[in-house]
Amino acid sequence: MSFKTISVIGLGYIGLPTAAIFASRKLKVLGVDVNEHAVNTINQGKIHIIEPELDAIVYKAVQQDYLQASTIAQPADAFLIAVPTPFKATDKAGAIPQPDLHFIEQAAQTIAPVLEKGNLVILESTSPVGTTEQLAAWLKGLRPDLSFPQDAGDDADINVAHCPERVLPGKVVKELVHNDRVIGGMTQRCSERSVELYKIFVEGECIITNARTAEMAKLTENASRDVNIAFANELSMICDELDINVWELISLANRHPRVEILQPGPGVGGHCIAVDPWFIVSRTPKQAKIIQQARQINDAKPAWVLAQYQQKLDQLLSENPDQKAEDVTVACLGIAFKADIDDLRESPALNIALELNQLHQGRMLIVEPNIEQLPPAFNEQATLSKLNDAMIEADIVLLLVDHKPFTRFDIKKINVPKLIDTRGIWTPHHVFTQ
Ligand code: SAJ
């Protein structure tokens, strides 16, 4: 085996599981991160993120001395870069968000001093088309003594490839091993060496293409999901106007053998699907019309949910003339970005709850079974509550995330005065099969 030592730059939701799985296959792995807390936690055999099965793998890998973390890079046979690729904040209304590649540039600066002839550098971070070539250019600028694929082709000292991660948060350990892997080398040799590396643990197929196509493939996967969810969200708003149960409608339409509509919700969250489509739009704004429209539809869904709350509040107050707005208790069920995880980053449910925390004059109960305390951004009007208590006490319930404890809850045993079910788990369907 030509790979004995591996370095993973960025020990987050992708980098840490990848580093741990390589280490579990008895390769020496050095994980590098700028976050000292993450580095110290990992070196104690613990993890700083929540991901099923990962804690045990990291514990064993650190105990057996195959996995180590550091803030400083060391020489290795292969370097995998798994750092965030966010977009730049913009103040201009309607402006297309632009990708922010500074973490990748920093990663290039981190590894450049320790690069050696024969090394393989893989960019795993989801990236706009052309980023792998940009990474190779940055590395060449920092190490003019080495040759790179853009100039030396298959004879280059350093091989560079893009192999995008495609794992689903919550199922990362399983999907890392079993998913097929797209391998986009800057040359054929870069691809072949990357396949050799991933075959150490990947049981899915490793499919070779070029770096640009691999970049676009990853963006296409997430944009395709975003467009499909936008279609479902648009249907939910159409159905609300037409007094049709959208979940019943979608389940009927999906009985067609060639129709597969996703589910509406309170908006699209996470750091992938709500971000990556912009990488396509920012490069090709004139062509990427559906992709941009889908982003706008999904981003506008939280405001639509808040308008529903206002409608329910007005109804409640007109039905109960003695009640004032400040007497009304509202409950938000779920603030994570999707079901059964604790991740609140880029969560439409969290944004809705925070907005309500400003708008609503009465008490606010937040039910989030996957966290221990509320984020500090909430004011004292909001309290973290148990599901049963919130269901009994609330006048208006907003179901924002389809966490398992919510789907298991028997809604028939409670009379919620006003319910906004953004996930359709408590909305009765009228579909009878014979
Ligand atoms: N959502 C809906 N309706 C649906 C499905 C999802 O509203 O029918 C919402 C979720 O609630 C959530 C958001 O979309 O807010 C994103 O959730 P997700 O489960 O669709 O995706 P992520 O962001 O957890 O992971 C995605 C995955 N990509 C695809 O399924 C194409 C994963 O495979 C990628 O590796 C990951 O992005 C990534 O890292 O890019």
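Residues numbered from 1 in each chain as written. Predicted model: local features only at pLDDT ≥ 70, side-chain atom pairs only at ≥ 80, totals over all residues. Heavy atoms only, no water.

Engineer: Would you explain the packing of aromatic side chains in this entry?
Structural biologist: Any aromatic ring pair is given by two values, namely how distant the centres are and how the planes are angled relative to each other. What the rule picks out here adds up to three aromatic pairs. An angle of 85° between the planes, with centres 4.8 Å apart, marks the rings of F22 and F201 as edge-to-face. Here F201 lies in the loop between α8 (188–198) and β10 (206–210) and F22 lies in helix α1 (residues 15–24), a separation of 179 residues in the sequence. Comparing F22 with F201, the two get one shared label, buried. With centroids separated by 5.8 Å and ring planes inclined at 55°, the aromatic side chains of F409 and W426 adopt a geometry described as tilted. Of this pair, F409 sits in the loop between α15 (404–407) and β15 (418–421) while W426 is found in the segment after β15, placing the two residues 17 residues apart along the sequence. For the pair F409 and W426, a shared accessibility class is recorded, and that class is buried. Grouped by ring-pair contacts, the aromatic residues F22, Y198 and F201 constitute a single cluster. (Phe/Tyr/Trp six-rings, centres within 6.5 Å; stacked < 30°, edge-to-face > 60°. Helix = DSSP H or I, 4+ residues; strand = E, 2+ residues; numbered from the N terminus. Buried < 20%, exposed > 50% of the residue type's maximum accessible area, 1.4 Å probe, protein only.)

Engineer: Looking at this structure, how should I read the site of the ligand?
Structural biologist: Around the ligand, a shell composed of 20 residues is seen, among which E165, V167, K218, R225 and F337 lie nearest. For the ligand, a nitrogen atom lies 2.8 Å from a polar atom in the backbone of Q263. Residue F337 places a main-chain N or O atom 2.7 Å away from an oxygen atom belonging to the ligand. With five residues, helix α9 (residues 211–242) is the single largest residue contributor to the shell around the ligand. (Near = heavy atom within 4 Å. Polar contact = N/O pair within 3.5 Å; in protein donor to acceptor, adjacent residues only side chain to side chain.)

Engineer: Got a minute to help me understand helix α3 (residues 54–63) in this structure?
Structural biologist: Count 3.6 residues to each turn of an α-helix, and residues three or four apart come out pointing the same way. Among the residues of α3, L54, V58, A61 and V62 are the ones counted as buried. What you see down the axis of α3 is that its buried residues fit within an arc of 95°, all on one side. For α3, exposure combined with an orientation more than 90 degrees from the buried face picks out K60 and Q63. One or two steps after α3, the chain reaches D65, where phi turns positive at roughly 70°. (Arc of directions from axis to C-beta.)

Engineer: Help me understand the nonpolar core, please; the structure alone is not making it clear to me.
Structural biologist: Generally speaking, nonpolar side chains in soluble globular proteins are found buried as a group. If you look at the biggest cluster of nonpolar residues, it comprises 42 residues, and the most contacted ones within it are F22, V29, L67, L197 and Y198. Among the elements that make up this core, the one with the highest residue count is α1 (six residues). Contact partners of L67, with chain neighbours within four places excluded, come to A19, A20, A23, V29, I42, V58, A61 and V62. Counting residues in hydrophobic clusters, the runner-up holds 29 residues, among them I341, L344, L356 and M364. (Core = buried A, V, L, I, M, F, W, Y, C linked by side-chain atoms within 4.5 Å. Contact = heavy atoms within 4.5 Å.)

Engineer: Would you mind going over the packing of helix α12 (residues 289–319) against helix α13 (residues 348–359) with me for this structure?
Structural biologist: When two helices pack together, you describe them by how their axes are tilted relative to each other and by the distance separating the axes. The contact between α12 and α13 brings their axes to 10 Å, and the two run at 40°. By the angle between their axes, α12 is oblique relative to α13. Two packed elements cross with a definite hand, and for α12 against α13 that hand is right-handed. Each of P302, V305, L306 and Y309 in α12 lies in contact with α13, whose residues at this interface are P348, I352, E355, L356 and L359. The class makeup of the residues in the contact of α12 with α13 is eight nonpolar, no polar and one charged. (Axes fitted to C-alpha atoms, helices over the stretch in contact; angles between N-to-C directions. Parallel < 35°, antiparallel > 145°, perpendicular 65-115°, else oblique. Left-handed = near helix turned anticlockwise from the far one by under 90°. Nonpolar A, V, L, I, M, F, W, Y, C, P; charged D, E, K, R; others polar.)

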